[in-house]
Amino acid sequence: MGGEGVTPDASEQLLRHELRIARAELARLRRRLNENGAHGKRVDRAYHDALLLAGFHIGYLPTTRAYAYETAGITNGRWENARALLRLAKVHNGRRWLMADLMAIEAALSKAKEVALDAPNAFRGRLPKHARPTEKQAGR
């Protein structure tokens, strides 16, 4: 190598740096895949439906399945997904609403959406057992 080559320590540091960059890129690509996949679309739709249900709550309107279907066309599955996200955001406990400020609810839902995308089982765990996707649907 005669002085013009790279030392083994420098080469190792360079390889470690390239590995960190590759891992970061892989994580970014996995996140984009998750956001654009079936789970990501489900969470995004649940976020919008949950905001609509929160608007109903703030406006002193019922947030029942029947009312959501009649007024906004939210199906049972979408209603359950929205409630799961509301529970993940700690806005609703399954029986009653825990927040009454729409801005606070929106902020909590945004954080919960990120959690649901990063950890799908956190979202699925808040769904009723009959509404949880099967292992095949969940992509396992």
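J.: Any chance you could break down the nonpolar core for me, citing the residues and the numbers?
T.: Within the largest apolar cluster, 27 residues are counted, with the highest numbers of intra-cluster contacts made by Leu 53, Leu 85, Leu 86, Val 91, Leu 109 and Phe 123. For this core, the secondary-structure elements that each account for two or more residues are helix H2 (38-58), helix H4 (76-88), helix H5 (102-118) and helix H6 (120-124). Element by element, the count of residues in this core is highest for H2, at seven residues. Excluding anything up to four places from it in sequence, Leu 86 contacts Ala 50, Leu 53, Val 91, His 92, Trp 97 and Leu 109.

J.: Lay out unusual backbone geometry with the relevant residues and their values.
T.: Notably, Tyr 60 is not glycine yet its phi reads approximately 60°, a positive angle. With respect to the element layout, Tyr 60 can be found in the loop between H2 and helix H3 (65-72). Under the relative-accessibility criterion, Tyr 60 is labelled exposed at 79%. In this structure, Lys 90 takes a positive phi of about 60° despite not being glycine.

J.: An account of the packing of H2 against H3 is requested, with residue identities and associated values reported.
T.: Running from amino to carboxyl end, H2 crosses H3 at an angle of 105°, the nearest separation of the two axes being 12 Å. Taken together, the axes of H2 and H3 lie roughly perpendicular to each other. Within the contact between the two elements, H2 uses Leu 52, Leu 53 and Phe 56 and H3 uses Tyr 67, Ala 68, Thr 71 and Ala 72. Residues belonging to the contact of H2 with H3 are distributed by class as follows: six nonpolar, one polar and no charged.

About the criteria used
Within each chain, residue numbers correspond to sequence positions counted from 1 in written order. Confidence filtering applies because this is a predicted model: local features only for residues at pLDDT of at least 70, side-chain atom pairs given and counted only at 80 or more, and all residues used for totals across whole chains, interfaces and linings. Processing note: side-chain calculations cover all non-hydrogen atoms of the structure and skip hydrogens and water entirely. Side-chain atoms within 4.5 Å are what join buried Ala, Val, Leu, Ile, Met, Phe, Trp, Tyr and Cys residues into a set we call a nonpolar core. Burial here depends on accessible area, computed with a 1.4 Å probe over protein chains only, as a share of the maximum for the residue type. Under 20% is buried, over 50% is exposed, and the range in between is partly exposed. Per the convention used, a helix needs a DSSP run of H or I reaching at least four residues, while a strand needs a run of E reaching at least two, with both numbered from the N terminus. In this description, contact between two residues means that some pair of their heavy atoms is separated by no more than 4.5 Å. Axis definition: a line fit to C-alpha positions, over the contact stretch in the case of helices; interaxial angles, taken between N-to-C directions, run 0 to 180 degrees. Small angles under 35 degrees read as roughly parallel and large ones over 145 as roughly antiparallel, with 65 to 115 read as roughly perpendicular and the rest as oblique. Asp, Glu, Lys and Arg are counted as charged, while Ala, Val, Leu, Ile, Met, Phe, Trp, Tyr, Cys and Pro are counted as nonpolar; the rest, among them Gly, fall into the polar class.

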